[in-house]
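Here's the letter readout for the chains.
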Amino acid sequence: MRQIILDTETTGLSPAEGHRIIEFAGLEMLNRKLTGRSLHLYMHPEREIDPDAERVHGISLDFLADKPKFRQVAEQIVDFIGDAELIIHNAPFDVGFLNAEFERLGIAPVKVLCAGVVDTLAMARDTFPGKRNSLDALCDRFEIDRSNRTLHGALIDCELLSEVYLALTRGQESLMMDLDDDGASGGLVGLAFEKKPLVVLKASEAELALHADYLDALDKAVKGSCLWRGYEAPAAEGGA
């Protein structure tokens, strides 16, 4: 299955209030393996960025001054996500913004363009009810290195989310190199192993004497015959 790990950064919290997408990032995954294909875009929002939002992602309007408008890159985004399943943390947020941008341009919504949407936040809440399930919290829980993430950014968040998704779906090993069927067996099929005789080391006379002294001390401590005597007696009789 073709999947796209997707994230956006925006001018604010609500597309209904006219807020816009300013960064889009997507990483392609095929059969649960990252392909190396990605799409990363910055866009001028044609409006101001809320100060609270800028403090989160660190993207300023000055930085976006020479960047294209959404309408100029919309076709690239549609081509990239089309027919794929989207994997998004807090999917209603990003999908809501994408649909608002698409609607302005007369483009079909995500549910028509894509094969489906997986919300990793909803998955995490089902898996870890009552716990913090932000992307940072999940990275810590799955011991995923996020030391390079000082601000929210769509591309780095996608990279972290790809590892979180595989961990949530118990597919951590999917980012590793594949082993073919022959290699997975380690080349051991059909090999004959030599079965060597078990080496038995007998106790020396000195060791036997020390053992006897120890049992005598146990007999004295329990004022009778210690349990070990019961194990030794049948063995001695069988060997007689």
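Remarks on the packing of helix α5 (residues 120–127) against helix α7 (residues 154–168)
Consideration 1: At their nearest, the axes of α5 and α7 sit 11 Å apart, and the two run at 40° to each other. When the interaxial angle is binned, α5 and α7 end up oblique. Seen from above, α5 lies across α7 with left-handed handedness. Residues T120, M123, A124 and T127 of α5 form the contact with α7, whose own contacting residues are L161, Y165 and L168.
Consideration 2: Looking at the contact of α5 with α7, its residues break down into five nonpolar, two polar and no charged.

Observations concerning α5
Consideration 1: Among all positions in α5, only T120, L121 and A124 are buried. Projected down its long axis, α5 carries its buried residues within an arc of 100°, all on one side. Exposed side of α5, more than 90 degrees from the buried face: R125 and D126 are the residues found there.
Consideration 2: Residues of α5 that are buried sit in contact with β4 (85–88), β5 (116–119), α6 (135–141) and α7.

Rules and cut-offs
- Residues numbered from 1 in each chain as written.
- Predicted model: local features only at pLDDT ≥ 70, side-chain atom pairs only at ≥ 80, totals over all residues.
- Heavy atoms only, no water.
- Axes fitted to C-alpha atoms, helices over the stretch in contact; angles between N-to-C directions.
- Helix = DSSP H or I, 4+ residues; strand = E, 2+ residues; numbered from the N terminus.
- Parallel < 35°, antiparallel > 145°, perpendicular 65-115°, else oblique.
- Left-handed = near helix turned anticlockwise from the far one by under 90°.
- Contact = heavy atoms within 4.5 Å.
- Nonpolar A, V, L, I, M, F, W, Y, C, P; charged D, E, K, R; others polar.
- Buried < 20%, exposed > 50% of the residue type's maximum accessible area, 1.4 Å probe, protein only.
- Arc of directions from axis to C-beta.

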